[in-house]
Amino acid sequence: MSKNLSINGKSYTIDVQDDMPLLWAIRDIVGLTGTKFGCGVSQCGACSVLIDGTLTKSCSMPVSYAFGKEIFTIEGSSPNLEFLREAWNEGNVPQCGYCQSGQLIAATSLLDATENPTDKDIDAAMSSNICRCGTYTRIKKAIHKAVALKNESI
Amino acid sequence: MSKIQQINRRDFVKLFGLATGGIILGCNISSDSKDFIPQIEGTFAPNLFVQIQKDGNIILMASRSEMGQGIRTSLASAIADELEADWKFITVQQATGNAKYGNQNTDGSRSVRTLLAPMRKMGATAKAMLITAASKKWKVSEADCFAENHFVINKNTSEKIFFGDLVEEAAKLTIPDDATIQLKKVEDFKYIGKTLKSVDLKAFTHGTATYGIDVRIPNMKFAAIARCPVTFGSVKSFNANAAEKTPGVEKVFQLDRLVPPTGSFFGALGGVAVIANNTWAAFQGKESLEIEWNYGENHSFDSEKFKQTLTNRIKEKGKLVPGSTGKVDDAFEEAAKTVEAIYHVPFLVHAPMEVPNATAWFQKNKIEVWAPVQDPQTARAELAHFFEIPLENITVNVTFLGGGFGRKSKSDFVVEAVALSKKIKAPVQVVWTREDDIQHSFYHATSAQYLKGSLDTNGQVTGWLQRVAFPSIVSSFKPLSEYASGFELNQGFTNNPYNISNFSLENAKAEANLRIGWMRSVVHIHSGFGNNSFVDELAFAAKKDAVQFHLDLIGADRVIEGRSEFPYDSKRMKAVLKNTAKVSNWGKTIPENHGLGVAIHYSFYSYVATIVEVSVINEKVKVENVWTTIDCGLALNKDNIKNQLEGAAIFGMSLALYGKISVKEGAVEQHNYYDYEMTRMKDAPKIHVDIIEAMHERPTGVGEPGVPVMAPAICNAIFNATGKRIRSLPLVDFGLV
Ligand code: FES
Ligand code: FES
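Residues numbered from 1 in each chain as written. Chains lettered and ligands numbered in written order. Predicted model: local features only at pLDDT ≥ 70, side-chain atom pairs only at ≥ 80, totals over all residues. Heavy atoms only, no water.

What follows is about the interface of chain B and chain A. Quoted interface sizes are often the accessible area lost when the parts come together. Listed per partner, the contact involves 57 residues of chain B and 52 residues of chain A. The tally of links between chain B and chain A comes to five salt bridges. Two residues, Lys36(A) and Asp214(B), come together in a salt bridge whose shortest N-O distance is 2.5 Å. Where chain B touches chain A, the interface holds 27 residue pairs in polar contact (both at pLDDT 80 or more). Mapped by element, the contributors of at least two residues to the side of chain B that touches chain A are helix H5 (201-206), helix H7 (279-287), helix H12 (434-439) and helix H17 (638-657) of chain B. Here the side of chain B that touches chain A gets nine residues from one element, more than from any other, and that element is H17(B). Class assignment for the residues of the side of chain B that touches chain A results in 29 nonpolar, 17 polar and 11 charged. (Contact = heavy atoms within 4.5 Å. Salt bridge = Lys/Arg side-chain N within 4 Å of Asp/Glu carboxyl O. Polar contact = N/O pair within 3.5 Å; in protein donor to acceptor, adjacent residues only side chain to side chain. Helix = DSSP H or I, 4+ residues; strand = E, 2+ residues; numbered from the N terminus. Nonpolar A, V, L, I, M, F, W, Y, C, P; charged D, E, K, R; others polar.)

What follows is about the UniProt feature "domain: Aldehyde oxidase/xanthine dehydrogenase a/b hammerhead" (unreviewed entry) in chain B. Following the UniProt record, the feature "domain: Aldehyde oxidase/xanthine dehydrogenase a/b hammerhead" (unreviewed entry) maps to residues 206-297 of chain B here. Helix makes up 16% of residues 206-297 of chain B and strand 33%, with an end-to-end C-alpha separation of 48 Å. (UniProt positions renumbered as here; feature names shortened; annotations may be inferred.)

On to the domain arrangement of chain A, then. All names here are of chain A. With domains assigned, chain A is organised as domain 1 (2-72) and domain 2 (79-153). Averaged C-alpha coordinates put domain 1 and domain 2 at centres separated by 22 Å. Of the roughly 1000 Å² buried at the junction of domain 1 and domain 2 (both faces included), carbon and sulfur atoms supply 61%. Connecting domain 1 to domain 2 are zero salt bridges. Put simply, domain 1 and domain 2 have five residue pairs in polar contact (both at pLDDT 80 or more) between them. When residues of the side of domain 1 that touches domain 2 are traced back to their parent elements, those giving at least two are strand E3 (48-51) and strand E4 (54-57). (Domains from an automatic or database assignment. Buried area = accessible area lost by both parts, 1.4 Å probe.)

Moving on to the sheet that holds strand E17 (residues 366-371) of chain B. Residues and elements named next belong to chain B. If you walk across this open sheet you meet the seven strands as E11-E12-E9-E19-E16-E17-E18, and the pairing is mixed. Here the strands that pair on one side only, and so sit at the sheet edges, are strand E11 (249-255) and strand E18 (394-398). Each strand axis lies, on average, 20° off the axis of its neighbour in the sheet, ignoring direction. The strands touched by H7 within the sheet are strand E9 (221-226), E11, strand E12 (271-276) and strand E19 (428-431), with E9 carrying the most contacts at an inclination of about 25°. Each of E9, E11, E12, strand E16 (357-363), E17 and E19 is contacted by helix H11 (residues 412-424), which is oriented at about 40° to E16, the strand it contacts most. (Pairing = 2+ DSSP bridges. Axes fitted to C-alpha atoms, helices over the stretch in contact; angles between N-to-C directions.)

Between helix H6 (residues 136-153) of chain A and H17(B), whose axes approach to 9 Å, the crossing angle comes to 115°. From H6(A), Tyr136(A), Thr137(A) and Arg138(A) reach across to H17(B), where they touch Asp639(B), Lys642(B), Asn643(B), Glu646(B) and Ile650(B). In terms of residue class, the contact of H6(A) with H17(B) is made up of two nonpolar, two polar and four charged.

With that settled, consider the packing of aromatic side chains. Here a ring pair, both rings aromatic, is described through the centre-centre distance and the interplanar angle of the planes. On inspection of all chains with the given rule, the structure shows 26 aromatic pairs over all chains. Both rings, one in Trp464(B) and one in Tyr498(B), keep their centres 5.7 Å apart while their planes meet at 45°; by these two values the pair is tilted. Here the residue Trp464(B) occupies a position in strand E21 (residues 461-469), and Tyr498(B) occupies one in the loop between helix H13 (486-489) and strand E22 (502-507), the gap between them amounting to 34 residues. A single burial state applies to Trp464(B) and to Tyr498(B), both of which are buried. With 4.9 Å between their ring centres and 25° between their planes, Phe566(B) and Tyr605(B) make a pair best called stacked. One end of the pair, Phe566(B), is in the loop between strand E23 (559-560) and strand E24 (568-569); the other, Tyr605(B), is in the loop between strand E25 (594-603) and strand E26 (606-617), and 39 residues separate them in sequence. Aromatic rings pair up to connect Tyr98(A), Phe204(B), Tyr211(B) and Phe400(B) into one cluster. The ring centre of Tyr65(A) lies 4.0 Å from the NZ or CZ of Lys69(A), which sits over that ring. (Phe/Tyr/Trp six-rings, centres within 6.5 Å; stacked < 30°, edge-to-face > 60°. Buried < 20%, exposed > 50% of the residue type's maximum accessible area, 1.4 Å probe, protein only. Lys NZ or Arg CZ within 6 Å of the ring centre and 35° of its normal.)

This is the structure in structure tokens:
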């Protein structure tokens, strides 16, 4: 039966099994591939999205949970995500880039909730996201930088 | 030196897939087939291309795969610099797998090492032609013109012409003789040796970079394969009833193993394939298969027992390796003190964030593939072999790689995708689950080492005996290869950076019961761990400062020419160590429960010294600080090199703390990131990277050399903090993390 999935403010009518993980509905059915598969078991954060603003590992959440809710992915845009993108650019953060969709979404969620995160806040918020290339130092720096950019802009 | 040559337009159109006007330059690049990875194609007639368009845009073909090492940016910057191009006009296009591009095998930390000179020359040649074109327009001599920031400028009149406006004229010129091409002086570099941001940043931060797993072809299917838990086991029988009932599943069938011919290729493991209309359905279908396996001869393999077997073997005399010198026995006899130790490294797996995957479309006598491969030419040749399709009818499109680390040089997953597409007569993407990746990889070998050293009364090292055993990579190409090959031992064992007059290296037998492959820094992981741990033990026995002890052991200034074009220079080795000691304040007082450890290593022709500071509180280790200095010759893109070294520190730390693949009854026991763990943000240390100014030296490796120092530096730091010596990785086995 067809259902509506709202992603980044756009509505998609899809026909899927209720128990398909949201990740695969987004990637294979809707066709937005910015959200990544890394482990499938809530361990790596590559599949991070926001559902009604809440950070969620889409590999471990059935698509049915997201019906009627608003999903935010790396293809989207929000003020905090844009500050983070700018900071990511300035810090030349990514290596292979594969984990960075999830990192940016997790960082967006952090900035949405915390105005001036400390190193400890960042550690706590970002430790569910694995970067096999090891860009943690740069991610941490870039999150601080994004906060600075945001504060400058006000 | 490589020779610039004109490219025939048909080749160009075929390779670029577009036909806009402009200058096209190709360039012969000598193959570096002497390198240690088996080469599939014997001779090369390689070409690389740069295209300047009328609108001023410059397209560069990147011949090496991008897997996070920043190669697309690095290669582009070299051309742009010599060309005096404005960076904002540069676009990078990814080359398909084709011998015309020269060796495309992206490993061995060699892309910049082998391609910098030809890339620069290509840029300089294009610049010379633009200058000639401008001089003709102005009817002045070429000497009266120079290029700057995408313009040619008339020295006398200060008139300028935009590069794009010179293209038509320049395209008519013959390519100037190599001998007339002048390269820039180091002092005049604009991009080389500076910092350039990745050309792919925008794609990476918007989720728009296409990795293999993101490839979408109209009407494509998705596939998962259940492979035998035991290496090279086969399907006895299977029941697909439940799988076939899984919504979305379309077909289930057996896929036979494709056995590679001796000496080359990787083949494919085979198993039971599930074809579905989405990835999740394929995974679900695979989960619900009931399969009976013929486990075959690897069923009895047990990695714990194997560790014991290797340990027993290295306690006995092994095969003497050429390069051993002096009389070790006499040195031990006359010693004031001898020290012995045994070290172990377990099997390891790459686990790149993007799992192995490939998309293939097999059509009558034609194959097209889209895949995250480090070595597209081998993949292509392998497909030609297994599917009997002429090479020219096979296209291997190289996508972005979500990490490679050596895993994606093996094209087994590409072979699988093509076999499936052939069978179902439709395009198909095969996706490995993370469990598949952890359990069916080409593993970094396990190793055991025995070391014995002697000290004289002054605490100087007089003798060094090292016995090593590890399954050889060659076993993946030639079954029953049970001893290490020369290229493996030449990774830090036969060519350690020390000057020891009585040196003996022995190799003991080690069978392979898993597929063995190379992983970031390869055998240097073993040699780096054994050498540096043992030097630390010797320094302690000699009651000497570890840094000073290393410096003494490296010895007087000397240059060893060897067979390579990059001689080992002990002065550079000492310089990186001295720098790291200085920036880390080696010798300073550190907090209680903290410890410092040092390690040095020479790999991929680069010199690295690392000092690690750990804290050990309640028996738990935290890596607090890492100071690394690298001398990689000419540093092409400084910030990228820093990023690589930071990443290598984390990669090396992951393997030291957690890395372990264990095998019971022939099957790998780990599954996913919960039992094959990685360093995470909360555990990440502060990393300080220094790059030695060596702009007049040729560039050497960057991607790998930062890895081998990490495990020994951490273990030496733990010893410094606690007096506890870890000789067997990983630390998690000792409850230390
Ligand atoms: S793919 Fe969802 S957490 Fe790893
Ligand atoms: S940038 Fe490669 S996994 Fe994070």
